[in-house]
Amino acid sequence: MESSDYVLGTELKGDAGQYVSFDGRFVTVSQRGFARLFAGRSEKRIPVAQITSVDVKPPTGPITGVLPGWIRFTTAGSPDAARAGFGNRGYNARHDENTVIIPGKKALRAFLALRDAVEEVISVPRPKGEEPQEL
């Protein structure tokens, strides 16, 4: 999958029962299975008009990525992930409802394609109060 090849509505599986999808208007982050017990919320839909940035931290380490990566959808007023501090980013990302843990290096390309699709929509200038155009 190339960076620009995200198909709207495709659901990507994160780590520990997390899923994320983008339909052109909403990013949906959901928890399934055992993970729902700890998430507190099983699904969150974020209107793309409220997303100010999409941050990706690739998995790092030899072979499959020993340290997990993540994709985070920042909205106005949400705390800055960069302030989490050295060594705490992966841990804090697991507790952020706008973040999905990338399960390994093999999944990274699909998550980068998702990032590019969301950024394509949020980067288009629009008049104040107007909803973004669907892809």
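Our structure is the block above this text.
What counts, and at which threshold
- Each residue is numbered by its place in its chain's sequence as written, counting from 1.
- Since the coordinates come from a predicted model, pLDDT governs what is reported: local features require at least 70, and pairs of side-chain atoms require 80 or more to be given and counted, while whole-chain, interface and lining totals use all residues.
- Computation of side-chain values: all heavy atoms of the structure, hydrogens and water removed.
- To qualify as a helix, a DSSP run of H or I must reach at least 4 residues; to qualify as a strand, a run of E must reach at least 2; elements of each kind are numbered from the N terminus.
- For every residue, the accessible area (1.4 Å probe, protein chains only) is compared with the maximum for its type, and the residue is labelled buried under 20%, exposed over 50%, or partly exposed between those bounds.
- Here, two residues are considered to be in contact whenever any of their heavy atoms come within 4.5 Å of each other.
- Shrake-Rupley sampling with a 1.4 Å probe provides the accessible areas, and residues are treated as covered by the protein chains on show and by no other component.
- To pair, rings of Phe, Tyr and Trp, with the six-membered ring standing in for Trp, must have centres within 6.5 Å; the planes then decide the type, stacked if under 30 degrees apart, edge-to-face if over 60, and tilted in the middle.
- In this analysis the charged atom, NZ for Lys or CZ for Arg, is taken to sit over a ring once it is within 6 Å of the ring centre and within 35 degrees of the ring normal.
- For two strands to count as paired, DSSP must find a minimum of two bridges between them.
- Note on definitions: angles span 0 to 180 degrees between N-to-C directions of axes, and those axes are lines fitted to C-alpha atoms, for helices only across the stretch in contact.

**Student:** Help me out: how do you make sense of the overall build of the protein chain in this one?
**Tutor:** Helix and strand counts for the protein chain come out as three helices and seven strands. Ordered by position in the sequence, the α and β elements of the protein chain form the string β-β-β-α-β-β-β-α-β-α. Looking at the protein chain as a whole, 36% of its 135 residues qualify as buried. Excluding contacts between residues fewer than 6 apart, the proportion of contacts in the protein chain whose partners are at least 24 apart in sequence is 51%. Counting every atom, the protein chain has about 8000 Å² of accessible surface; 53% of that belongs to carbon and sulfur.

**Student:** Where do I start with the packing of aromatic side chains in this structure?
**Tutor:** Any aromatic ring pair is given by two values, namely how distant the centres are and how the planes are angled relative to each other. Enumeration according to the criterion identifies zero aromatic pairs in this entry. It is R32 that lies over the ring of Y19; its NZ or CZ is 4.0 Å from the centre. Note that R45 overlies the ring of F26, its terminal NZ or CZ placed 3.8 Å from the centroid.

**Student:** I would appreciate a short explanation of the sheet that holds strand β6 (residues 69-75) in the present structure.
**Tutor:** Whenever strands of a sheet pair, they do so through backbone hydrogen bonds, lying parallel or antiparallel. The sheet built from three strands is open, its strands ordered β5-β6-β7 with antiparallel pairing. Where the open sheet ends on each side, the last strands, each with one partner, are β5 (51-57) and β7 (99-102). Sheet twist, expressed as the mean angle between neighbouring strand axes with direction ignored, is 15 degrees. Pairing between β5 and β6: six bridges, direction antiparallel. Residue pairing across strands places V54 opposite F73, the latter belonging to β6. Running over the sheet, helix α3 (residues 105-122) touches β5, β6 and β7 and is turned about 160 degrees from β5.

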